[in-house]
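Structural features, examined
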Amino acid sequence: MAIVLGIETSCDETGIAVVEDGSRIVASALASQVPVHAQFGGVVPEIASRRHTQCISQLAQQTVDEAGVAVDAVAVTIGPGLMGALMVGVGFAKGLAYAWNVPLVPVHHIEGHIFSVFLTDSPPTFPFLALVVSGGHTCLIACDKPHQYRLLGSTRDDAVGESFDKVARLLDLPYPGGPSIQKTAEAGNPNAVRFPRGLGKSGELEFSYSGLKTSVLYARQRETASIPDLAASFQWAAVDVLVSKTRLAIERTGATRLVLAGGVAANRLLRERLVAELPIPVHMPPLSLCIDNGAMIAAAGDSRLRHGLCGHFRVTPNPNLPLCVPAQS
Ligand code: KG4
Ligand code: ZN
C-alpha cells in the first residue's frame with residue numbers, strides 16, 4: 001500500500017494531495033487562481049506560472065503536515081498544459097523526490113482526470129470507455145487496461161470547456177464560463193434557439209465546437225433571445241453532442257462502463273443526461289474532483305508505480321504530450 005504525493009500545476013490551479021493506495025485522500029489542498037484570471041476573461045500563462053511559484057511550497061508543506069505520514073513517491077503532471085506552469089510543478093516535484101529519495105512518477109494530465117474516479121466509492125474495473133471533457137480537451141478514449149489507451153475521437157477545434165468559456169464572454173457572463181452558463185441557463189429555455197450540433201450527423205467520433213460558438217455570437221447580435229435563453233440553448237446543444245457521440249462510441253466498441261471526467265464533468269445537465277440516456281453505468285467523480293486537483297494525479301501515479309512506470313530525473317514537461325496514438329477505425 002503506497003502513499004503518493006500528487007502535484008498538479010498544468011493550468012490555473014495549484015493542486016497538492018497525499019493519497020493512500022490510489023483510492024483514499026489523506027490530505028489535499030488547492031489554490032485556485034480563478035479570481036486573478038477572471039479579470040482578464042481567461043488564463044494568462046505568465047501570471048499562472050508566477051502564482052504557482054508563489055504558493056506551491058507552502059501548499060505542499062501544509063498538505064504533508066496534515067497527512068502526517070511518510071511519502072513513498074511523488075507524482076506530477078508533466079503535460080499537456082502551459083509550459084511555464086508545468087515547469088513549476090515538475091521542478092518542485094523533482095526537488096522533493098530527490099530530497100526524500102523516493103521515485104518520481106510523471107503523469108499525463110488526462111490520465112489524471114480518468115483516475116479521479118478511482119477516488120470514489122464505486123470505482124470502475126477495466127476495460128471502460130472514458131469521456132474526458134475540460135477546458136483543453138474533449139475526447140473519447142477506450143481504456144483497455146491501466147495505462148493502455150486508444151483515442152477514439154477528439155475535438156478538431158475548440159474544446160467543450162473552452163466553448164463554455166468563450167460563449168460566457170459573448171454573453172457578458174463571468175469566467176470560468178462553465179459554472180456561470182450553467183447557473184444562467186437555469187432561468188432559460190433550452191429550446192429557445194436551435195443551435196448546430198458540430199459534426200453531429202457525420203457518424204464520426206470527432207467533435208467540433210467552434211461553429212456552435214459562432215452561432216451563439218450571431219444569435220446574440222440579432223437580440224431576439226434573452227441571455228438565459230441563449231445560455232440554456234447553448235448548453236443543451238453542447239451537451240447533446242457529447243451524449244450522442246458517447247452513445248455512438250458505446251455502440252462501436254461494445255463498452256460496458258463509462259467514465260466521465262474533467263472540469264466539464266461538473267456540468268449538471270451532462271451528468272443527468274448521460275445517466276438517463278445511456279444504456280451502461282456511468283462512473284463520475286464528485287464535483288470537487290472534476291476540476292484540476294492533486295489527488296487525481298496521485299491516484300494515477302499510484303497505479304503507474306504499481307505497474308513499474310516510474311520516471312527518471314531527466315523527465316521534462318511537454319505542453320503537447322499525447323496520451324496515445326489515435327485508434328485506427
Ligand atoms: O479540467 P479543468 O479544471 O482544466 C482543464 O484541464 O482544462 O477544466 C476547466 C474547464 C473550464 O473550461 C470550465 O469552464 C469548465 O471546466 N467547467 C464547466 C463547469 N465547471 C467547470 N463546464 C460546464 N459546466 C460546469 N458546471
Ligand atoms: Zn484538467
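Along each chain, residues carry numbers from 1 onward, in the same order as the chain's sequence is written. Lettering for chains starts from A, numbering for ligands starts from 1, and both go in the order in which the items are written. The predicted nature of this model means local features are confined to residues of pLDDT at least 70 and side-chain atom pairs, given and counted, to a pLDDT of 80 or more, with totals for whole chains, interfaces and linings taken over all residues. With hydrogens and water set aside, each side-chain value is computed from the structure's full complement of heavy atoms.

**Let's talk about the site of ligand 1**
Nearness is judged by heavy atoms alone; a residue qualifies as near a molecule or strand once a single heavy atom is within 4 Å of it. The local shell around ligand 1 holds 19 residues, among which Gly135, Asp165, Gly178, Asn267 and Asp292 are the closest. The definition of a polar contact used here is a pair of N or O atoms within 3.5 Å, where within protein one atom must be able to donate a hydrogen and the other to accept one, and adjacent residues in sequence count solely through side-chain atom pairs. Contacts to ligand 1 include Gly136, whose backbone N or O atom sits 3.3 Å from an oxygen atom. One nitrogen or oxygen atom from the main chain of Gly178 is found 3.0 Å from an oxygen atom belonging to ligand 1. All accessible-area figures derive from a Shrake-Rupley calculation using a 1.4 Å probe, and residue coverage is judged against the displayed protein chains alone. Protein coverage of the free-state accessible area of ligand 1, which is 560 Å², stands at 90%. For helices the rule is a DSSP run of H or I covering at least 4 residues; for strands it is a run of E covering at least 2, with both sets numbered from the N terminus onward. Where the shell around ligand 1 is concerned, the elements lending two or more residues are α4 (109–115), α5 (160–170) and α6 (177–185). In terms of residue count, the dominant contributor to the shell around ligand 1 is α6 (4 residues).

**Regarding unusual backbone geometry**
The residue after Phe126, namely Pro127, is reached through a cis peptide bond having omega -5 degrees. For Pro127, the position within the fold is in the loop between α4 and β6 (128–133). Here the bond from Tyr175 into Pro176 is cis, since omega is -5 degrees, no more than 30 degrees from zero. Along the chain, Pro176 turns up in the loop between α5 and α6. In this model, Asn101 sits at a positive phi of 60 degrees, which is unusual for a non-glycine residue. Checked against the element boundaries, Asn101 lands in the loop between α3 (83–100) and β5 (104–108). The phi dihedral of Leu199 falls on the positive side, at around 55 degrees, and the residue is not glycine. With respect to the helices, strands and loops of the structure, Leu199 is situated in the loop between α6 and α7 (210–222).

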